[in-house]
Amino acid sequence: MSKTKDNSILNNNGKITRVANKKNGKIYFYLRNFPLRYLPEDNEIEYLNRRFDTWDEAKDFQQQCIRRRAKLLSLTEDNSSVYSKFKKYVHIYLEPNWESQTTINNMNSFIENQMKPVFGSIGIKDCTEDDLQDFFVRQNKKRDVRKVVCAMRKFCKHLVKTHEISMDIMEDVYVKKHVPMHPQDRTPLTRKEESIFINELMTSGREAVRRYRHGILLMIYTGIRPAELTGGEWKNIHFDTHIFHVQKTYRKSGSKCTLKSTTKTGKQGERDVYIPDPCLEVLYKAMNRYPSHWIMENICTGNPISTDTLRRIVQKVAKDAGLRHRSIYPYLFRHTFATNCVRAGVPLADLCQFMGHKDETMLLTIYANHKDPMAMDKYAPVFSHIVPDVHKN
């Protein structure tokens, strides 16, 4: 940021420089000090700095920024529609800060397909809080609109600061957390489905499956979370005691993956889980065959694979195994493990410790609330002796 009132500096297009990385010798091209936009409310000019692999990429991005900056003046049209003004605001102010092209495409698609029919004819000064509230409530029933709501809040605050509207019409708009119309199927796998999946996992010819089958097997046998698996290191596995020390998570946050030194539930999540012999043998072979720091290491980057990559591998195995009649995803192995432990008679207090939960609420409401098909046969002898047999008297 630069403190200035001189708008003539916006005529500068920055500078593209060629820099060599001293560690790997690779050549990069930097677009430095490009004055992207003037912020009148802060009396500052925001500068943009980006790195590119080639000169052409840096030059193309510089031209895109010039075109975005040129459209800045058109944002102050008098009482243009909410649709057109919001679209320009997103393009000029928000898109340069989004690294994911998917996010940009999804936002543009939502604006064109959902906002244009509703707000294409409503002027920015004629739009009310009720109009926005009703629109987002209707859309929230179909899709997650948190990203759009956040962008709209920034847009309205910008209009207030530039004195285009007198009050923030998004200030009291409330949108509940989106609940999918078709909730995720948490029904645990049956013994047959689990056997079919494991058999396909161990015999699959896919390279990605062979490379990461040991980690998927570890989830099945221990019930750990997918992010706890991707954040696991080989040093956390103690082969002599059959123990895996769960300590870190590697999960996706926005468009990036971050490594956290704590698990999802904090201190309760850091725990030891027991690894059975069949799984331990596969892990030992994988450690010797693929020597690395992480249990699920990406051979290209040296970082752990993302949970999205793990989900795609699991879905490929399920498809090859012929389990297309239901949805199978990594977290389902955790549901199945917890349910099987409850059916086997493991006390809930002990199971909470193994699963990394604070209390028994999650086990009772989500993981282990499914009916046992063998319950009737198991307790038939008990039912037979509850009432005295009067016929013998």
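Residues numbered from 1 in each chain as written. Predicted model: local features only at pLDDT ≥ 70, side-chain atom pairs only at ≥ 80, totals over all residues. Heavy atoms only, no water.

Counting secondary structure elements, the chain contains 14 helices and 9 strands. Counting the 393 residues in the chain, one finds 42% classified as buried. Summarising the internal contacts of the chain: among those between residues at least 6 apart in sequence, 62% fall at separations of at least 24. In the structure as shown, the chain presents an accessible area of about 22,900 Å², 51% of it carried by carbon and sulfur atoms. (Helix = DSSP H or I, 4+ residues; strand = E, 2+ residues; numbered from the N terminus. Buried < 20%, exposed > 50% of the residue type's maximum accessible area, 1.4 Å probe, protein only. Contact = heavy atoms within 4.5 Å. Areas by Shrake-Rupley, 256 points an atom, 1.4 Å probe, with all protein chains shown as cover.)

Position of P330 relative to the elements: it lies in helix 11 (residues 330-343). Taking the C-alpha atoms as reference points, P330 and R225, 105 residues apart in sequence, are found 8.0 Å from one another.

As a further point, take the sheet that holds strand 6 (residues 243-246). Consider a sheet: its strands pair through backbone hydrogen bonds, and that pairing is either parallel or antiparallel. Spatially, 5-6-9 is the arrangement adopted by the 3 strands of the open sheet, whose pairing is antiparallel. The sheet terminates laterally at strand 5 (237-238) and strand 9 (271-274), the two strands that pair on one side only. The sheet contact formed by strand 6 and strand 9 spans 4 bridges and is antiparallel. Across the sheet, the residue bridging to F244 is V273, located in strand 9. (Pairing = 2+ DSSP bridges.)

Before going further, it helps to spend a moment on the packing of aromatic side chains. Enumeration according to the criterion identifies 10 aromatic pairs in this entry. Relative to F155, the ring of Y89 has its centre 5.4 Å away and its plane inclined at 55 degrees; by these criteria the two rings are tilted. In this pair, Y89 is assigned in helix 2 (residues 82-94) and F155 in helix 5 (residues 146-161), connecting sequence segments 66 residues apart. Accessibility assignment for this pair places Y89 and F155 in one class, buried. Seen from their ring centres, F135 and F136 are 5.3 Å apart, and the 65 degrees between their planes marks the pair as edge-to-face. By relative accessible area, F136 is classed as buried at 0%. Aromatic rings pair up to connect F86, Y89, Y93 and F155 into one cluster. Across the ring face of Y28, the terminal group of R51 is positioned such that the distance to the ring centre comes to 4.1 Å. (Phe/Tyr/Trp six-rings, centres within 6.5 Å; stacked < 30°, edge-to-face > 60°. Lys NZ or Arg CZ within 6 Å of the ring centre and 35° of its normal.)

Because each turn of an α-helix spans 3.6 residues, side chains separated by three or four positions in sequence point in the same direction. For helix 11, spanning 14 residues, the distance from its first C-alpha to its last is 21 Å, which sits close to the expected 20 Å at 1.5 Å a residue. In terms of residue burial, helix 11 counts as a mostly covered element, since 11 of its 14 residues are buried. Those residues of helix 11 lying buried are P330, L332, F333, R334, H335, T336, F337, A338, T339, N340 and C341. Taken from the residues just after helix 11, G345 is the one with a positive phi, measuring 95 degrees. (Expected span 1.5 Å × (residues − 1).)

Time to look at unusual backbone geometry. Phi at H242 is positive, roughly 60 degrees, even though this residue is not glycine. Assignment of secondary structure puts H242 in the loop between strand 5 and strand 6. A residue is classified by how much of its surface remains accessible, and H242, at 16% relative accessible area, is buried.

Moving on: the confidence of the model for the chain. Detailed reading of the predicted coordinates is not advisable wherever pLDDT falls low. Of the residues in the chain, 82% reach a pLDDT of 70 or more, and the chain-wide mean stands at 81. For the chain, per-element mean pLDDT is lowest for strand 1 (residues 2-3), which scores 44, and highest for strand 5, which scores 94. Note on residues 1-7: pLDDT is under 50 here. Beyond four places in sequence and across chains, it has 19 contacts. (pLDDT = per-residue confidence, 0-100.)

The end-to-end C-alpha distance of helix 5, which contains 16 residues, comes to 23 Å, matching closely the 22 Å that a straight helix rising 1.5 Å per residue would cover. By the burial criterion, the buried members of helix 5 are V148, V149, A151, M152, F155, C156, H158 and L159. The secondary structure elements touched by the buried residues of helix 5 are helix 2, helix 3 (101-119) and helix 4 (129-140). H163 occupies a position one or two residues after helix 5 and carries a positive phi of about 60 degrees.

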